[in-house]
Number of protein chains: 2
Amino acid sequence: MPGTLDDVARAAGVSRMTVSNAYNRPEKLAPATLERVLQAARELGYGGPSAVGRSLRRGRTGVLGLLLNDALPYAFTDPGAVAFMRGLAVEAAARDLSLQLIAATGPAAARAVADAVVDAFVALAPADDDPALATVLARRLPLVTAGAPALPDVPCVTIDNVAAARRAAEHLLALGHTRLAVVTWRLLPDGHAGPAGLDRQHGSAFGVRRDRLAGYRQAVERAGLAWEDVRVEERPGNSREDGYAAGDAVLDALGARGPLGVLASTDVLALGVLQAARERGARVPEDVSVVGLDDVPEAAASTPALTTVHQDLFAQGRECARRAAGALPGPVHRHPSRLVVRASTAPPGGG
Amino acid sequence: MPGTLDDVARAAGVSRMTVSNAYNRPEKLAPATLERVLQAARELGYGGPSAVGRSLRRGRTGVLGLLLNDALPYAFTDPGAVAFMRGLAVEAAARDLSLQLIAATGPAAARAVADAVVDAFVALAPADDDPALATVLARRLPLVTAGAPALPDVPCVTIDNVAAARRAAEHLLALGHTRLAVVTWRLLPDGHAGPAGLDRQHGSAFGVRRDRLAGYRQAVERAGLAWEDVRVEERPGNSREDGYAAGDAVLDALGARGPLGVLASTDVLALGVLQAARERGARVPEDVSVVGLDDVPEAAASTPALTTVHQDLFAQGRECARRAAGALPGPVHRHPSRLVVRASTAPPGGG
DNA sequence: ATGAAAGCGCTAACAC
DNA sequence: GTGTTAGCGCTTTCAT
């Protein structure tokens, strides 16, 4: 411990305030005094005013907090999350803020959120009932959510996930697909991997995923098909591996009986499905058509290139940071999304 | 502002300590008291103990700080940095730490570093003379650097960049290349784009890049060639675009006169060079051989797949976090690196 | 140009 | 179980 302002003050024979000023407003000090103070600090090994003391006194921290709905490393695995954080980073940098990543899930989350020394929070795709949000609100800190409106009266930046998913499904239906399967990421936090019934679909607290399922369902039912006939394959994570496993399961169950259309609720899962299809020798898009959602950079570069619904997560990150840092209220802002047809979809059988 | 412990204490007719305990050790309170306190808090809209007050009192923050040597958004652009941060995140999560990203460059950097409320710092590829490091040391906080030993007695996790670069160059030389060019990222912070002379090469404060140039040079001279004949093309950033522009410049100057070997000091730059070559119709590897350094995930997926020198930035991130969080001293730890031959290199002319 | 007073909000240690 | 004491390290305001 390098000591305190008082220690330096004593050693330099000045008041604590003078030492404080030496660091904060050196030009206000007589050059001789300044030098004496700095000299004393050097001799004591004093490292400058404590950051926490300063924050306490000033009432601000210069930090923007990002609440992650997953383990910390996941944020760096998901290209969508990376794009979003890059957007946050741009606006944080413009305001000289640092960016703090906080796991808002797991046993230590409550403490981490309660103890986070930040000026404002952005929550990325929180669950509806995420207790971290209540904590943030109780702390009276600005909060913006991204992905889905979790709480009334909390500003939210997102797309219309229902419409985006509907658009994906409509694309497959318009191509003539009637045999469909859905691949989705964790609906309930119980690690389930396998088909998800209506109970899970409706019971999910994850707004984004629930909305996407709802969108798929709308399109399916409007086309006169039965939602119950659509297998909804759930995996606990959003990784290529999860997508691969889900694709395998779906193709095991349905692939042999003719062309299949797969609705993957994220591009990352879709990329895994593509790989599963490829490795078992199914032709994409002739035997298996796959449509993703998000349009992450990898989607355009995959083989075949992934048909998907585009959203701009970078722009959403920027807006979240701007609104959180400015404590700008305002309602849900839905960014646009649009279908991007590439090579992973075609009429059933390639016809 | 939601008020303080004292406000709640007054309202509940108890002492401040009791309110504190209601939040920190509820089991130690008589249920009736607890309820009365919580009720008072609710009525006052008290949001729980202040995070800053707590940090001040406790003397710890639960945060690991990452010092970035660039603007904040860059960290999310560079796949190497992302892998490194993922490693940090794994170990941070294991210790219930949050991860704070701090721009240690630019006008506001000094304040940001001095005011960062963290328990320890990791600095990613800092410049030798980075003033942020001195600040950290003055604050007596644990510090680990990654990428290059910047300061004596500061633990450092890295690879032997000289050896790694030498290996890349030796590969090209062994294939028979005698016409070589180097593409490197910012050597001096002046935005220069173009050929870099020996002055810039030696004057660079960026250890990683200087070491890599030194490694290339060693191999070249050991092969009996003159380093002066090797064009060193510098770009201010480490992006595909920078690599593209550098590749273009190099090919403009040297490409027409026969097969060329390009030493790109990062994979990201190499990927840009590959694209530049492709777009001007040069055949890779026949007309232009390209070798990168880092082995980011994209390197294996490019067309043609990139020959490069592998290092495990994820593992280095983990070790940095472990050592910073544990305040583990110890000297420079050099992780291994190894040449990975893929399809972007061949003997000159493809022979 | 320098200093004194007055907290910012909290908790460890120890009484009661 | 609950309260008292004694700070954690700093800066704003106002005086001198």
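Residues numbered from 1 in each chain as written. Chains lettered and ligands numbered in written order. Predicted model: local features only at pLDDT ≥ 70, side-chain atom pairs only at ≥ 80, totals over all residues. Heavy atoms only, no water.

A. A look at the protein's contact with DNA strand C. In the vicinity of DNA strand C there are 27 residues, among which T18 and T33 of chain A together with L5, R16 and S50 of chain B approach most closely. At 2.5 Å, a backbone N or O of S50 of chain B approaches a phosphate oxygen of DNA strand C. Between DNA strand C and R57 of chain B, the relevant distance is 2.8 Å, taken from a base oxygen to a side-chain nitrogen or oxygen of the residue. Mapped onto the surface near DNA strand C, the elements with two or more residues apiece are α2 (16-24) and α4 (51-58) of chain A together with α2 (16-24) and α4 (51-58) of chain B. Element by element, the count of residues in the surface near DNA strand C is highest for α4 of chain B, at five residues. (Near = heavy atom within 4 Å. Polar contact = N/O pair within 3.5 Å; in protein donor to acceptor, adjacent residues only side chain to side chain. Helix = DSSP H or I, 4+ residues; strand = E, 2+ residues; numbered from the N terminus.)

B. Molecular detail of the protein's contact with DNA strand D. Close to DNA strand D lie 27 residues, the nearest being R16, S50 and R57 of chain A together with T18 and T33 of chain B. Among atoms of DNA strand D positioned within 4 Å of the protein, sugar and phosphate together represent 60%. A distance of 2.8 Å separates a base oxygen of DNA strand D from a polar atom in the side chain of R57 of chain A. Where the surface near DNA strand D is concerned, the elements lending two or more residues are α2 and α4 of chain A together with α2 and α4 of chain B. The element best represented in the surface near DNA strand D is α4 of chain A, accounting for five residues.

C. Spotlight on the UniProt feature "domain: HTH lacI-type" (unreviewed entry) in chain A. The sites that carry the UniProt feature "domain: HTH lacI-type" (unreviewed entry) are, in the present numbering, residues 4-58 of chain A. Here residues 4-58 of chain A runs as 71% helix and 0% strand, with 17 Å between its end C-alpha atoms. (UniProt positions renumbered as here; feature names shortened; annotations may be inferred.)

D. The interface of chain B and chain A, seen in detail. Across the contact, 39 residues belong to chain B and 39 residues belong to chain A. Carbon and sulfur atoms supply 66% of the area that chain B and chain A bury against each other, a total of about 3400 Å² over both sides. For the pair chain B and chain A, the interface holds two salt bridges. With its nearest N and O atoms 2.7 Å apart, the salt bridge here joins R54 of chain B to D115 of chain A. On the surface where chain B and chain A come into contact, there are four residue pairs in polar contact (both at pLDDT 80 or more). Every element with two or more residues in the side of chain B that touches chain A is listed here: α4, α5 (79-94), β2 (98-103) and α6 (109-115) of chain B. Pairing between strand β2 (residues 98-103) of chain A and β2 of chain B: three bridges, direction antiparallel. Looking at the pairing, Q100 of chain A lines up with Q100 of chain B of β2 of chain B. (Contact = heavy atoms within 4.5 Å. Buried area = accessible area lost by both parts, 1.4 Å probe. Salt bridge = Lys/Arg side-chain N within 4 Å of Asp/Glu carboxyl O. Pairing = 2+ DSSP bridges.)

E. Broad picture of the packing of aromatic side chains. Applying the stated criterion across every chain, the model contains four aromatic pairs over all chains. Ring centres of Y23 of chain A and Y46 of chain A lie 5.7 Å apart, and the angle between their planes is 65°; on these two criteria the pair is classed as edge-to-face. In this pair, Y23 of chain A sits in helix α2 while Y46 of chain A sits in the loop between α3 (31-44) and α4, placing the two residues 23 residues apart along the sequence. Given the relative accessible area of 8%, Y46 of chain A is considered buried. Seen from their ring centres, Y74 of chain B and W185 of chain B are 5.7 Å apart, and the 45° between their planes marks the pair as tilted. One end of the pair, Y74 of chain B, is in the loop between β1 (63-68) and α5; the other, W185 of chain B, is in strand β6 (residues 180-185), and 111 residues separate them in sequence. (Phe/Tyr/Trp six-rings, centres within 6.5 Å; stacked < 30°, edge-to-face > 60°. Buried < 20%, exposed > 50% of the residue type's maximum accessible area, 1.4 Å probe, protein only.)

F. Structural context of the packing of helix α8 (residues 161-174) of chain A against helix α10 (residues 207-222) of chain A. Residue and element names in this part refer to chain A. Contact pair α8 / α10: the axes reach a minimum separation of 7 Å and the direction vectors enclose 40°. When the interaxial angle is binned, α8 and α10 end up oblique. Handedness of the α8/α10 crossing: right-handed. Across the interface between the two elements, N161, V162, A165, R166, A168, A169, E170 and L173 of α8 pack against V208, D211, R212, A214, G215, Y216, Q218, A219, V220 and R222 of α10. The class makeup of the residues in the contact of α8 with α10 is 10 nonpolar, three polar and five charged. (Axes fitted to C-alpha atoms, helices over the stretch in contact; angles between N-to-C directions. Parallel < 35°, antiparallel > 145°, perpendicular 65-115°, else oblique. Left-handed = near helix turned anticlockwise from the far one by under 90°. Nonpolar A, V, L, I, M, F, W, Y, C, P; charged D, E, K, R; others polar.)

G. A look at the pattern of salt bridges. What the rule picks out here adds up to 46 salt bridges over all chains. The residue D190 of chain A makes a salt bridge to R200 of chain A at a minimum N-O spacing of 2.7 Å. A residue pair is termed long-range when its members are at least 10 positions apart, and D190 of chain A in the loop between β6 (180-185) and β7 (194-195) and R200 of chain A in helix α9 (residues 198-203) qualify at 10 residues. Residue classification places D190 of chain A among the partly exposed residues on the basis of a relative accessible area of 47%. Note that R231 of chain B and E233 of chain B form a salt bridge whose closest N and O atoms lie 2.9 Å from each other. What makes R231 of chain B partly exposed here is its relative accessible area of 24%. Look at the salt bridges and you will find they share partners, linking E91, R95, R318 and R322 of chain A into a network.

H. Focus on the pairing of strand β9 (residues 260-264) of chain B. Residues and elements named next belong to chain B. When you tally the buried positions in β9, you get five out of five residues, the bulk of the element. Side-chain alternation along β9 places L260, V262 and A264 on one buried face and G261 and L263 on a second face that is also buried. In this structure, β6 lies alongside β9, joined through four bridges in parallel fashion. Counted as the bridge partner of V182 is L263 from β9. Looking at chain direction, β9 and strand β10 (residues 288-291) are connected through four bridges and run parallel. Each bridged residue has a counterpart across the sheet, and for L263 the counterpart in β10 is V291.

I. Local environment of the relation of the copies chain B and chain A. Take chain B, turn it by 180°, move it 0.0 Å along the axis, and it overlays chain A with an RMSD of 0.1 Å. Such values leave the two copies arranged in the relation of a two-fold axis. Closest approach to the rotation axis among the C-alpha atoms of chain B is made by Q100 of chain B, whose C-alpha sits 2.0 Å away. (Least-squares fit on C-alpha atoms with pLDDT ≥ 70 in both.)

J. Structural context of the domain arrangement of chain A. Domain annotation for chain A reports domain 1 (5-49), domain 2 (61-157) and domain 3 (161-312 + 333-350). Between the C-alpha centres of domain 1 of chain A and domain 2 of chain A there is a distance of 38 Å. (Domains from an automatic or database assignment.)

K. Representation of the sheet that holds strand β12 (residues 332-335) of chain A in the model. On the basis of which strands lie adjacent, the open sheet formed by 12 strands has the order β12(A)-β5(A)-β4(A)-β3(A)-β1(A)-β2(A)-β2(B)-β1(B)-β3(B)-β4(B)-β5(B)-β12(B) and mixed pairing. Across the chains shown, the open sheet's two edge strands, defined by having one partner strand only, are β12 of chain A together with β12 (332-335) of chain B. Adjacent strand axes in the sheet meet at a mean angle of 20° when their direction is disregarded. Two elements, strand β3 (residues 120-124) of chain B and strand β4 (residues 143-146) of chain B, share four bridges in a ladder whose sense is parallel. Bridge pairing links F121 of chain B to L143 of chain B in β4 of chain B. Across the sheet, helix α14 (residues 313-325) of chain B is in contact with β1, β3, β4, β5 (156-159) and β12 of chain B; its angle to β5 of chain B comes to roughly 165°.

L. Quick peek at the state of the cysteines. All names here are of chain A. Overall, the coordinates contain zero disulfides over all chains when judged by the stated rule. Unpaired in terms of disulfides, C320 finds its nearest cysteine sulfur in C156, a separation of 7.5 Å. With a relative accessible area of 0%, C320 lands in the buried category. (Disulfide = S-S within 2.5 Å.)

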